Amino acid sequence: RRAWGVTRERAMPAATSSKARISGEGLAANAVAGITRPLRLHALGSESLAVVSLSPSSPGGEALDWLATALPAARSEGGANGGIAALASGAASATAVVVPESALRAVPPPVGATVDRPWVALEITAVAPGADAKSVSSIGATAVLGLVLNKVCVRWRTLPAAEAQAIILVREEDLPAATVALVRAGHAVGPPGRVCPQAPDEDEAAPQKSVAYVGAWSLLKREEPVGTTCEKHAAGDGPLRLQAPSGVFVEIRVPVQPDNVSGQASNAGYHSVVDTASARNFSMRHRTVDFRPPTGTVLCTAVKFDREVMVELSHPRGPCRDEYIEAWTRLSDGPVTALELVSESPAGGAPAARTRAGYWIFCGDRFGRVIGPPRGEGLVAGTCCTSLERLCVLGGPGGPRSVHHELRSSYEAMWGRLEAAGRLRVLRQAWRPGIEGEIILDTASGSGGSIALGHGEVLHRLPNGGEQRWRIRD
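Since the structure is predicted, the reported quantities are computational estimates derived from the model, not experimental observations.

Reading guide: rules and limits
- Residues numbered from 1 in each chain as written.
- Predicted model: local features only at pLDDT ≥ 70, side-chain atom pairs only at ≥ 80, totals over all residues.
- Heavy atoms only, no water.
- Helix = DSSP H or I, 4+ residues; strand = E, 2+ residues; numbered from the N terminus.
- Contact = heavy atoms within 4.5 Å.
- Areas by Shrake-Rupley, 256 points an atom, 1.4 Å probe, with all protein chains shown as cover.
- Pairing = 2+ DSSP bridges.
- Axes fitted to C-alpha atoms, helices over the stretch in contact; angles between N-to-C directions.
- Core = buried A, V, L, I, M, F, W, Y, C linked by side-chain atoms within 4.5 Å.
- Buried < 20%, exposed > 50% of the residue type's maximum accessible area, 1.4 Å probe, protein only.
- Expected span 1.5 Å × (residues − 1).
- Arc of directions from axis to C-beta.
- Phe/Tyr/Trp six-rings, centres within 6.5 Å; stacked < 30°, edge-to-face > 60°.
- Salt bridge = Lys/Arg side-chain N within 4 Å of Asp/Glu carboxyl O.
- Polar contact = N/O pair within 3.5 Å; in protein donor to acceptor, adjacent residues only side chain to side chain.
- pLDDT = per-residue confidence, 0-100.

A. The arrangement of the overall build of the protein in detail. Broken down by element type, the protein carries nine helices and 27 strands. For the protein, the share of sequence-separated contacts (at least 6 apart) that also reach a separation of at least 24 residues comes to 65%. Of the accessible surface of the protein, which amounts to about 21,100 Å², a share of 52% is contributed by carbon and sulfur atoms.

B. Expanded view of the sheet that holds strand β27 (residues 467-472). If you walk across this open sheet you meet the nine strands as β24-β23-β22-β21-β20-β19-β27-β26-β25, and the pairing is antiparallel. At either end of the open sheet lies a strand with only one pairing partner, and these are β24 (439-442) and β25 (450-453). Averaged over all pairs of adjacent strands, the angle between their axes in this sheet comes to 25°, without regard to strand direction. Relative to β27, strand β19 (residues 336-345) is paired through six bridges, and the arrangement is antiparallel. Bridging across to β27, E340 finds its partner in R471.

C. Inspection of the nonpolar core at higher detail. Core analysis: the biggest nonpolar cluster contains 38 residues, and V250, I361, V370, L407 and Y411 have the highest contact counts within it. Those elements that place two or more of their residues in this core are β12 (240-243), β13 (248-252), β14 (267-274), β19, β20 (357-363), α8 (388-394), α9 (399-410) and β22 (412-420). Ranked by size, the runner-up nonpolar core spans 26 residues in total, among them I168, L175, V189 and C196.

D. Just α9, in detail. Between its first and last C-alpha, α9 extends 17 Å over twelve residues, near the 16 Å set by a 1.5 Å rise per residue. Taken together, the buried positions of α9 are G399, V403, E406, L407 and S410. Along the axis of α9, the buried positions cluster into a sector of 105°, meaning they face one direction only. Residues of α9 that are exposed and angled more than 90 degrees away from the buried face: R401 and H405. Of the surrounding elements, those touching the buried residues of α9 are β21 (366-372), α8 and β22.

E. Highlighting the packing of aromatic side chains. One pass over the structure, following the stated rule, counts six aromatic pairs. Ring centres of F362 and F367 lie 6.1 Å apart, and the angle between their planes is 35°; this geometry places the pair in the tilted category. Accessibility assignment for this pair places F362 and F367 in one class, buried. Grouping aromatic residues by their ring pairs yields a cluster made of W360, F362, F367 and W470.

F. Expanded view of the pattern of salt bridges. Tallied over the full model, the rule gives 32 salt bridges. Between E224 and R222 there is a salt bridge, with the nearest N and O atoms lying 2.7 Å from each other. Since its relative accessible area comes to 14%, R222 is described here as buried. Linked through salt bridges whose partners overlap, the residues forming this network are R222, E224, E231, R241, E251, R253, R285, E312 and E326.

G. Representation of the side chain of D290. Assignment of secondary structure puts D290 in strand β15 (residues 281-290). In this structure the side chain of D290 is engaged in a polar contact, spanning 3.2 Å, whose partner is the side chain of R287. At 3.1 Å, the side chain of D290 forms a polar contact with the backbone nitrogen of R292. If sequence neighbours within four positions are ignored, D290 has contacts with S266, N267, V380 and Y411.

H. Focus on the confidence of the model for the protein. Residues with a pLDDT of 70 or more make up 82% of the protein, whose mean pLDDT is 84. Of all helices and strands in the protein, the one with the weakest mean pLDDT is helix α1 (residues 25-33) (44), whereas β12 scores best (98). A low-confidence stretch, residues 1-34 (pLDDT under 50), is modelled with 81 contacts involving residues beyond four sequence positions or located in other chains.

I. Layout of unusual backbone geometry. With an omega of 0°, the peptide bond between R117 and P118 qualifies as cis. Looking at the secondary structure, you find P118 in strand β5 (residues 114-127). With an omega dihedral of -10°, the bond running from G190 to P191 counts as a cis peptide bond. Assignment of secondary structure puts P191 in the loop between β9 (188-190) and α6 (192-195). Although it is not a glycine, C153 adopts a positive phi angle of roughly 60°. The exposed category is assigned to C153, whose relative accessible area is 57%. With phi around 60°, R307 is a residue other than glycine that occupies positive phi space.

J. Layout of helix α5 (residues 175-184). The element α5 is extensively covered by neighbouring structure, given that seven of its ten residues are classed as buried. Looking at the buried positions of α5, the neighbouring elements they touch are β1 (39-43), β5, α4 (138-151), β8 (166-171), β9 and α6. Once α5 finishes, G186 follows within two positions and takes phi at roughly 100°, a positive value.

K. Expanded view of the pairing of strand β18 (residues 325-332). Counting buried residues in β18 gives six out of eight residues, a clear majority hidden from the surface. Bridge count for strand β10 (residues 215-223) against β18 is seven bridges, and the pairing is antiparallel. Residue pairing across strands places L219 opposite W328, the latter belonging to β18. Pairing between strand β17 (residues 309-314) and β18: five bridges, direction antiparallel. Bridge pairing links V309 to T329 in β18.

L. Inspection of the environment of A166 at higher detail. With respect to the helices and strands, A166 occurs in strand β8. Under the relative-accessibility criterion, A166 is labelled buried at 0%. In sequence terms A166 and E123 are 43 residues apart; their C-alpha atoms lie 6.0 Å from each other.

So this is what it looks like as structure tokens:
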């Protein structure tokens, strides 16, 4: 458990290489029937776990003695500072110990022990709409989750848990797949920084790899699923994507009614071209800021270019992926300037209430800007689930009101025209119907604040006295 206590349970699978199974169809059916609400799963700690199985011939107290020695030693070296530890007896009087990997580095396991790693512990609670999470029975939770995980061949196993809390172990390399499957089944998983694939590192070769993708793009058509048209626009009327050579991008997807919450889909982040031996083009988009909660899915597409039209098809196909196809037309190929939000200071020099991320990209005479809490922060970006509507059910105290308040107060998205140096006119902005055509920045008159250029950065002093520092990426 989180406090590094030791718990015992009479049954823990001894064969750690195989998936845990819920034994008995009647038991599983009854347990599943008892779980009617969505479940929330939270990854415990930042360290990977190991299952250490001792030989049946080992003395009965050896596992407990080793556990009591290894954990303090690991903590003294800076490890074992969060997560879980457990002790359980298994078949034929064998004993299995679950510990953070730092414990193995601090004190070698007993002679004859076998080590199976790495694993991640997920703590399970039930979610009551509009209320705090509630505990669930271990049998009921593992029955529900086991049906989902077994279907996608994720390796998992039960873990002894004290009190009324339920905990399972998931093989670390299977964690992203488990997250996607559990989210699609209606559950919530977090934190995203632990359970989702990590953002790619900045690629110095990105400008050479992304030449074909750079520019201002307008969405013409989207089919989801493939063959069913869900969006169709004339060039320049639909969602706008601005792509910079460094890889950063913004997508402005503001609904017809700009203050409509469920229709918001703007996002921004980092785009990378996938190196493969195939003749086909593949690319991935990591959303640093997203008006919608993360789903755990990697946004990978197979890309085809036909002059000024780019077609993106979701890839690969599979039961845990939303299959879609989009056609974009290029409106401009530059020149491009891209800025990344580094810091914000409210008026009066007070510290910002919440760290936000964002990108501000200029391409030709167009600009787009998206700002919001980065993935893993807040309500929207801090929980993996299927949609904003689902998040309102899973959001805890405050329910939909809290989710809507965070979106309106912390998320920004707009696009418009660069009419002259230092003069920007907005044409579309989230949350603000009727703003089309307004000047949001005119450095000549001082409207919208002022801009100062520094070494590799831009300082935007806002009309209310606050400041935003932007790193120049392109």
